[in-house]
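As a plain string of letters, each chain reads:
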Amino acid sequence: MSRVAIGALLATFVAFSAHAMSAQIDTDGDGKASLVELQTVFPELTEDLFLEIDTNADGLVDDEEMMIAVETEMLPDIETDA
């Protein structure tokens, strides 16, 4: 594997981990956020918006869904907006 490919792969992992579920949000430590957990940090979050963010409709928001919600500005990034 070339250095460029390795660098790109590492950059992807670093970018993804930057949006990993925060312990401030994931209070039960299961790696996912429920509506109640998200509303603790984002009190303005409605059930309808939560359902939009929860793209796989499992009733929880995982790291990937959270990353997309922040990138599309459905939710503010608590790392930069805090």
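Since we're looking at a predicted model, the values are computed, not measured.

Participant: Is there a simple way to explain the pattern of salt bridges in this structure?
Facilitator: It is possible for side chains bearing opposite charge to pair when their charged atoms get close. Applying the stated rule across the entire model yields one salt bridge. Here K32 ties to D58 by a salt bridge, and the two come within 3.7 Å at their closest N and O atoms. Of this pair, K32 sits in the loop between α1 (3–18) and α2 (35–41) while D58 sits in the loop between α3 (47–53) and α4 (63–71), placing them 26 residues apart in sequence.

Participant: How do you make sense of the side chain of E65 when you look at a structure like this?
Facilitator: Along the chain, E65 falls in helix α4. Buried within the structure, E65 lacks any salt-bridge partner; its nearest side chain of opposite charge belongs to K32, at an N-O separation of 7.2 Å. At 3.0 Å, the side chain of E65 and the backbone nitrogen of T55 are in polar contact. E65 has contacts with I53, D54, T55, N56 and L60, leaving out every residue within four places of it along the chain.

Participant: Help me understand the nonpolar core, please; the structure alone is not making it clear to me.
Facilitator: Soluble, globular proteins show a tendency: their nonpolar side chains are buried together. I25, L38, F42, L45, V61, M66 and L75 are the most contacted members of the largest nonpolar core, which has 14 residues in total. The residues contacting L38, other than those within four sequence positions of it, are I25, A33, L45, F50, V61, M66 and L75.

Participant: Sorry if this is basic, but what is going on with unusual backbone geometry here?
Facilitator: The bulk of non-glycine residues show a negative phi, and the bulk of peptide bonds are trans. The backbone phi angle of A57 is positive, close to 55 degrees, even though this residue is not glycine. Following the sequence through the fold, A57 ends up in the loop between α3 and α4. Of note in this structure, E73 is not a glycine but carries a positive phi near 65 degrees. Summarising the element assignment, E73 is placed in the loop between α4 and α5 (78–81).

Rules used throughout
- Residues numbered from 1 in each chain as written.
- Predicted model: local features only at pLDDT ≥ 70, side-chain atom pairs only at ≥ 80, totals over all residues.
- Heavy atoms only, no water.
- Salt bridge = Lys/Arg side-chain N within 4 Å of Asp/Glu carboxyl O.
- Helix = DSSP H or I, 4+ residues; strand = E, 2+ residues; numbered from the N terminus.
- Buried < 20%, exposed > 50% of the residue type's maximum accessible area, 1.4 Å probe, protein only.
- Lys, Arg positive; Asp, Glu negative; His and termini not counted.
- Polar contact = N/O pair within 3.5 Å; in protein donor to acceptor, adjacent residues only side chain to side chain.
- Contact = heavy atoms within 4.5 Å.
- Core = buried A, V, L, I, M, F, W, Y, C linked by side-chain atoms within 4.5 Å.

This is a description of form; function is not addressed.
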